[in-house]
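Below are the chains, spelled out letter by letter.
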Amino acid sequence: MPELPEVEVVRLGLAPAVTDAIVTAVDVYDERAITRHDHRRGSFADRLTGRSMLAPQRRGKFIWIPLEPAGRLAAGEGRPDALLAHLGMTGQLLLRDAWARPEDEPHVRVRIELRHPSHAELAVFFRDQRTFGSLALDELVSTDAGDAVPSQVLHIARDPIDPLFDDRAFLASLMRKNSAIKRVLLDQRAISGVGNIYADEALWAARIHPEQPASSLSRAKTRLLLDEIRLVLGKALTEGGTSFDAQYVNVNGQAGYFAHSLNAYGREGRPCPRCGTPIVRVSFMNRSSHYCPRDQRLR
DNA sequence: AGAATGACCTGCGCGC
DNA sequence: TGCGCGCAGGTCATTC
């Protein structure tokens, strides 16, 4: 579920709690919660326990906490790595008191206990109803630009609020793709962080039909679309993300407010806020697209 | 290379 | 009340 704004809210909430913390215990209650972990390099819990955390990072919908190099004295053990998380559709990272019991709430798949130099002991609970999300320990790999990302994130494009996102290259790539524009927006190799909600919202704002071939858009239209993507992501972030139910919450369990600001997504049959025409919902890529049939014409 | 499909899961609301 | 169906913020592997 969570898209860039929701994941960023989680990252910001984790930062003060986990940065400089030491992992004192790791409990995995459901192995499906660590399907991204490569067991050939050692068990998730064993490798994480005792490690020291640095400031959490994010690219698109992936979030990771780099770890202080472990066993610097042990030859071959010093490769930089990170605790990687993808929330999938229903994953949550929640801060809990150290004494809180995982069995007292549903779907707690992993518990990570932390000791911190400047605040009380606490635990991070990874909750996930549908188990599409996953944690892993993953090796950090340097990019061409000099930053480091987990190996599983290498194929993910930079997101549009990354200072190193290349606007010109992205706009040029749109010109070369004959795929439907929404398909391109959802392809995390082209631009990351945009999911079904914000794709529909940005396309509504830019008055582009979701199935319009990317290459058929004018330069001005693609420019407008990128601007609208940034606007909607930024606004959602300041409002704490989009929550329809209890599935998306921040690290303290609180919902975001952006659902009240949606113009197209989830508004089938309700009037377009711009022109009053009922919003339609169509099936596309095994999910739903919402758009205004009057403002967003296929050309 | 791009497109289509299915797999991975649980839970909710709806109509019957 | 209970059952089956469709639907849900995502990613990845496999096929054509």
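Since we're looking at a predicted model, the values are computed, not measured. (Residues numbered from 1 in each chain as written. Chains lettered and ligands numbered in written order. Predicted model: local features only at pLDDT ≥ 70, side-chain atom pairs only at ≥ 80, totals over all residues. Heavy atoms only, no water.)

## Examining the side chain of His290
So, step 1. Counting through the fold element by element, His290 comes out in strand β11 (residues 287–291).
So, step 2. Judged by its relative accessible area of 5%, His290 falls in the buried class.
So, step 3. There is a polar contact of 3.3 Å between the side chain of His290 and the backbone nitrogen of Gly266.
So, step 4. Excluding its chain neighbours within four sequence positions, the residues that come into contact with His290 are Asp200, Ala264, Tyr265, Gly266, Arg267, Glu268, Ile279, Val280 and Arg281. (Helix = DSSP H or I, 4+ residues; strand = E, 2+ residues; numbered from the N terminus. Buried < 20%, exposed > 50% of the residue type's maximum accessible area, 1.4 Å probe, protein only. Polar contact = N/O pair within 3.5 Å; in protein donor to acceptor, adjacent residues only side chain to side chain. Contact = heavy atoms within 4.5 Å.)

## Points about the domain arrangement of chain A
So, step 1. Domain boundaries assigned for chain A yield domain 1 (4–153) and domain 2 (167–291).
So, step 2. Measuring from the centre of the C-alpha atoms in domain 1 to the corresponding centre in domain 2 gives 29 Å.
So, step 3. Facing 17 residues of domain 1, the contacting portion of domain 2 comprises 19 residues.
So, step 4. Among the residues of domain 1 in contact with domain 2, Pro5, Glu6 and Val9 are the three that bury the most area, contributing 34% of the side total.
So, step 5. Summed over the shared surface of domain 1 and domain 2, the result is 0 salt bridges.
So, step 6. Between the two partners, domain 1 and domain 2, sit 9 residue pairs in polar contact (both at pLDDT 80 or more).
So, step 7. Listing elements by their share of the side of domain 1 that touches domain 2, those giving two or more residues are α1 (4–18) and β5 (91–97). (Domains from an automatic or database assignment. Buried area = accessible area lost by both parts, 1.4 Å probe. Salt bridge = Lys/Arg side-chain N within 4 Å of Asp/Glu carboxyl O.)

## Details of the UniProt feature "active site" (unreviewed entry) in chain A
So, step 1. As recorded in UniProt, the feature "active site" (unreviewed entry) lies at Pro2, Glu3, Lys61 and Arg287.
So, step 2. Position of Glu3 relative to the elements: it lies in the segment before α1.
So, step 3. The contacts of Glu3, once residues within four sequence positions are left out, are Lys61, Gly193, Val194, Gly195, Asn196, Ile197 and Tyr198.
So, step 4. By secondary structure assignment, the location of Arg287 is in strand β11.
So, step 5. Under the relative-accessibility criterion, Arg287 is labelled partly exposed at 35%.
So, step 6. Excluding residues within four positions of it along the chain, Arg287 makes contact with Leu186, Asn196 and Val282. (UniProt positions renumbered as here; feature names shortened; annotations may be inferred.)

## What about the pairing of β11?
So, step 1. By the criterion of burial, β11 is predominantly enclosed, with 4 of the 5 residues buried.
So, step 2. As judged from the 5 bridges shared by strand β10 (residues 280–284) and β11, these two strands associate in the antiparallel manner. In the sheet register, Val282 faces β11, and the bridge partner there is Ser289. (Pairing = 2+ DSSP bridges.)

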